[in-house]
Amino acid sequence: MTNNRHDRLTVLLHWTMALLILAQLALGLWMVGLPKDDSGLRANWFNVHKSLGLVLLALIALRGLNLLRRPRIDPAPGQPGPQRAAIAVHHALYLLMAIVPLSGLLGSAWSKYPIRFLSWTLPRLAEPWDQGKAAMATLHLFSTWALIALVVLHVLAFAFHQYVLRDRLLDRMR
């Protein structure tokens, strides 16, 4: 018997995270252009971004646990080389989906500002450390751009499967 469809939880996590990641990317690119002033507008949007990042961090942990418990589905149709490339891209996507929010969390933990999740101020995780904050900001930036590149590659691969190969790959994620 073939197993070529993801379970409901996997599909729900995939699409929820896809929407949240796209929202985070748009918000992150937009909010860094906000002026640093006393209005609090920039700080409020940064807090929204941090809250969504913490939600994504929890979801990627849940997704990792789900990967361990669910049965594997059959590989997508195709040649071994592209199949191996697809697996490598998926592994890199998972890794970056963890690194991006973790680097944001650590950078925030090492800043002088408190971390807010929704309306709650979280306990301080570490003392301010300028070098650590700067290193995490750099990692956050570069890993975000790497994530964007892989998301674009992922969407292009989907489009190729859907519209060129017409192999109904999307049916695996419904």
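Residues numbered from 1 in each chain as written. Predicted model: local features only at pLDDT ≥ 70, side-chain atom pairs only at ≥ 80, totals over all residues. Heavy atoms only, no water.

Student: For the packing of aromatic side chains, give the residues involved together with the corresponding values.
Tutor: Counted by the stated rule, this structure contains four aromatic pairs. Note on W110 and W129: the rings are 4.8 Å apart at their centroids and 80° apart in plane angle, and the pair reads as edge-to-face. One end of the pair, W110, is in the loop between α3 (80-109) and β1 (116-117); the other, W129, is in the loop between β2 (120-121) and α4 (130-165), with 19 residues separating them in the sequence. With relative accessibility at 43%, the residue W129 sits in the partly exposed group. Their ring planes at 15° and their centres at 6.4 Å tell us that F117 and W120 sit as a pair that is stacked. Residue class for F117 comes out partly exposed when judged on its relative accessible area of 21%. (Phe/Tyr/Trp six-rings, centres within 6.5 Å; stacked < 30°, edge-to-face > 60°. Helix = DSSP H or I, 4+ residues; strand = E, 2+ residues; numbered from the N terminus. Buried < 20%, exposed > 50% of the residue type's maximum accessible area, 1.4 Å probe, protein only.)

Student: Lay out the pattern of salt bridges with the relevant residues and their values.
Tutor: Per the counting criterion, the structure on display carries three salt bridges. A salt bridge links R69 to D7; its shortest N-O distance comes to 3.4 Å. Here R69 is found in helix α2 (residues 41-69), whereas its partner D7 is found in the segment before α1 (8-31), with 62 residues between them in sequence. The exposure class assigned to R69 is exposed, which follows from its relative accessible area of 52%. (Salt bridge = Lys/Arg side-chain N within 4 Å of Asp/Glu carboxyl O.)

Student: So what about the packing of α2 against α3? Which residues, and what values?
Tutor: The relative placement of two packed helices comes down to the angle between their axes together with the axis-to-axis distance. Orientation of α2 relative to α3, taken along the N-to-C sense of each, is 140°, at an axis distance of 9 Å. Relative to α3, α2 is oriented oblique. As α2 packs across α3, the resulting crossing turns out to be left-handed. Note on element contacts: α3 touches α2 through Y94, M97, A98, P101, L102, L105 and S108, opposite K50, G53, L54, L57, I60, R63 and L67. (Axes fitted to C-alpha atoms, helices over the stretch in contact; angles between N-to-C directions. Parallel < 35°, antiparallel > 145°, perpendicular 65-115°, else oblique. Left-handed = near helix turned anticlockwise from the far one by under 90°. Contact = heavy atoms within 4.5 Å.)

Student: Explain the nonpolar core residue by residue, including any values.
Tutor: Counting 17 residues, the largest nonpolar core has M17, I21, L93, M97 and L147 as the members making the most contacts within it. Elements with a contribution of two residues or more to this core: α1, α2, α3 and α4. Aside from chain neighbours lying at most four places away, what touches L93 is L147, L150, V151 and H154. (Core = buried A, V, L, I, M, F, W, Y, C linked by side-chain atoms within 4.5 Å.)

Student: Describe α4, with residues and values.
Tutor: In a regular helix each residue adds 1.5 Å, so 36 residues correspond to 52 Å; α4 covers 51 Å between its end C-alpha atoms and thus fits that length. Along α4, the residues that are buried comprise G132, M136, S143, T144, L147, I148, L150 and H161. Positive backbone phi, at 50°, marks R166, one or two positions downstream of α4. (Expected span 1.5 Å × (residues − 1).)

Student: Explain α2 residue by residue, including any values.
Tutor: With 29 residues, α2 should reach 42 Å at 1.5 Å per residue; the first-to-last C-alpha distance of 42 Å fits that figure. When α2 is considered as a whole, its buried residues turn out to be R42, N47, H49, K50, S51, G53, L56, L57, L59, I60, R63 and N66.

Just distances and angles here, no functional claims.
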